[in-house]
Amino acid sequence: MLRLPSARNAVISNGRRSCPFPIGNLALTLTQKPATNSKRVSHYSTRCADENGAHLPGIKDAIESNPYLRHLSSRYDMARKLCMEDSERFTTTHAHQRFQPSSQDIFPNTELRLSKVRTYGFDYDYTLARYTDKLPETIYTMIRDVLVNKLLYPPALKALKYDSTFAIRGISYDKETGWLFKLDSNYNIAMDTIHYGREPLRDLEEVYTLHNGPHVAPAYVKGQLNQLNDLYSIPEATMLADIIQYFTEHNIPFHPRYLAEDIRTAGEYIHKGDGISLSPLHKTIMSNIGDYLERAPELLQILESLKREGKRLFLLTNSGYDYVNTGLTYLFNTKDWRDVFDVVIVGARKPSWYMSHRPFRLVPTGRGGTSVKPWALVDHFEDGQVYSGGNLMSFTSITGYSDRNVMYFGDHLYSDLRDPSIQKGWMTGAIVSELKHELSVIHTPEYRQCVSYIQLIEKILKHSQQETRSPEFMRLPAEEKERFRQLLDVGRLERRRTRWRLRDSFNTNFGSVFRTEKYPSLFATKIKSFANVYTADLSNLGAYTSDFIFYPKRITQAHESRLPEVDDLLEDILNS
């Protein structure tokens, strides 16, 4: 009796993984081949070939004579025709373009009333500051050179070049195995994202041996994984992969933990330097400011509008004053940018800032003449002055800002969002610049076709499985039952193949920042937990009035009935 291999353990022969079985009048052959940028074990192409039905003798006759096989085969055909062959159905006209999310939108995780916000706070890097694509390339190059020049790594590594298409934010690095991968909301590894160096992991059984399955225990996550959650970590992830690839190809022994520590040390050096003078990275950016920053005069206008409405504004950043001053002067096209903020805090050392007892100190900026004493006690904030260090408790005590009326915007899950929301109940807004790319993919007809096709296949599989419980099905010969189960497996493989196609439309190595194959990514889950709202760019705040109320999307639970499409109903109301 023919038995269909599972998707994970299918037998490979001569580089091909075959599972021929008709879907209606077509037979699928899933053939393994390398992806364009890597030898991806889990990457497949699908070819329809009617003659492959010969691998299952008599199957066409069985479909004609067996109503269960015939109906399931017909349903597969209908799903493909409706979703994959009718592209017009999925154009923006048919998809209610009026209600399509935009990269100019702010997306709520909780209900949020802007009228309740009395104080707005902002991070600098990747929040107020919009960096160009040149920055991650520079970070990669500088880390590489520190590794070679100061940490004695092979000089040949200087030939490495930054690949901006390899990594995404939110992936994890395993310090014991050297694997890079994405976790989902349940701390399960997305198996089709595991990379060792630049190559997908070939033997997935290694994962099952280490973790007894794809799930990673919390203790292992805490002790062995580096979670690469900020935009600075994307060149770090690429460097990890590139050096592991080089070491592997040249048979150079190494420990993944030491490699991660050395790259992190090099990254901290270029960001912080000696702690007194400007860091190497900041010097480079400041000397070529127009290459690294995009001007944003509209942000200054938004801040000034908030001030006119009586809102209090503060800047809270880990970066130093000279660097921030140069950047905001360029971004806002004025040297008087400090006047828009009630309080300016630099060198904050987040996330420890939220829990520490480190005092504030005054930063010499030229205002106040030579009377500024940076070692003096700070027990109040003066207009126009800049402060460094400090802590959340002292900040609240000095300013008198009520925790429940403060909203803080930043890009980092832990430095900007987690502790202020958990420790003090601040409202928080996450800046997730990747939304621009993610939404550009989501809006394509091809994406909507694939998602609809997957959902339709899942419903067909659910309905068809329930039919196997009927008395009529139970009376079928064992061979016919087995063929029906094989045909169910073909649908499951088609579902898996379409999911791979969706993944590759975002990033061919790690997929979407927000999703894994089945669930939200761990990064997306943290954004939902720690941020009241999220958006692609801070300037989007200017499109909302100060009394605007954000309403989160209702999440339908598995046990709840499907309601009429609200967009359809709203369309009728608006057009009436």
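Just so it is clear, the structure is predicted and the values come from calculations on it, not from any experiment.

**Notes on the nonpolar core**
In step 1: Residues Y124, L128 and F341 are the most contacted members of the largest nonpolar core, which totals 100 residues.
In step 2: For this core, the element with the highest residue contribution is helix α6 (residues 233-249), accounting for 9 residues.
In step 3: Counting residues in each nonpolar core, the second largest holds 23 residues, with L69, C83, I460 and L461 among its members.

**Section: a positive patch on the surface**
In step 1: On the surface, K116, R118, R312 and R404 cluster together into a positively charged patch.
In step 2: Looking at the element boundaries, R404 is found in the loop between α12 (392-399) and β16 (406-410).

**Quick word on the sheet that holds strand β7 (residues 171-174)**
In step 1: Here 5 strands make up an open sheet; going across it, the order is β10-β9-β8-β7-β11 and the pairing antiparallel. Pairing within the sheet leaves two strands with one partner each, and these edge strands are β10 (199-200) and β11 (225-228).
In step 2: Relative to strand β8 (residues 179-181), β7 runs antiparallel, the two being bridged by 2 bridges. Along β8, the bridge assignment pairs S172 with F181.

**With respect to the packing of helix α7 (residues 256-272) against helix α8 (residues 280-287)**
Axes are the key here: two packed helices are described by the angle between their axes and the distance separating the axes.
In step 1: Contact pair α7 / α8: the axes reach a minimum separation of 4 Å and the direction vectors enclose 50 degrees. Considering the angle they form, α7 stands oblique to α8. Two secondary-structure elements touch here, α7 through Y269, I270 and H271 and α8 through P280, L281 and H282.
In step 2: Among the residues making up the contact of α7 with α8, the classes are represented as 4 nonpolar, 2 polar and no charged.

**Digging into the sheet that holds strand β12 (residues 312-316)**
In step 1: If you walk across this open sheet you meet the 9 strands as β4-β18-β17-β16-β6-β12-β13-β15-β14, and the pairing is mixed. The outermost strands of the open sheet, each flanked by one partner alone, are β4 (106-108) and β14 (360-363). Each adjacent strand pair in this sheet contributes to an overall mean axis angle of 25 degrees, direction not counted.
In step 2: Here 4 bridges tie strand β6 (residues 119-122) to β12, and the two strands are oriented parallel to one another. Bridged to F122 within β12 is L315.

**Side note on α8**
In step 1: Among all positions of α8, only L281, H282 and I285 are buried. With its buried residues spanning 95 degrees around the axis, α8 presents them on a single face.
In step 2: Each element contacted by the buried residues of α8 is listed here: α3 (134-149), α7, α9 (289-292) and α11 (321-332).

What counts, and at which threshold
Residues numbered from 1 in each chain as written. Predicted model: local features only at pLDDT ≥ 70, side-chain atom pairs only at ≥ 80, totals over all residues. Heavy atoms only, no water. Core = buried A, V, L, I, M, F, W, Y, C linked by side-chain atoms within 4.5 Å. Buried < 20%, exposed > 50% of the residue type's maximum accessible area, 1.4 Å probe, protein only. Helix = DSSP H or I, 4+ residues; strand = E, 2+ residues; numbered from the N terminus. Patch = residues over 30% accessible without salt bridge, like charges linked within 9 Å, V, L, I, M, F, W, Y side chains within 5 Å. Areas by Shrake-Rupley, 256 points an atom, 1.4 Å probe, with all protein chains shown as cover. Salt bridge = Lys/Arg side-chain N within 4 Å of Asp/Glu carboxyl O. Lys, Arg positive; Asp, Glu negative; His and termini not counted. Charge placed at Lys NZ, Arg CZ, Asp CG, Glu CD. Pairing = 2+ DSSP bridges. Axes fitted to C-alpha atoms, helices over the stretch in contact; angles between N-to-C directions. Parallel < 35°, antiparallel > 145°, perpendicular 65-115°, else oblique. Contact = heavy atoms within 4.5 Å. Nonpolar A, V, L, I, M, F, W, Y, C, P; charged D, E, K, R; others polar. Arc of directions from axis to C-beta.

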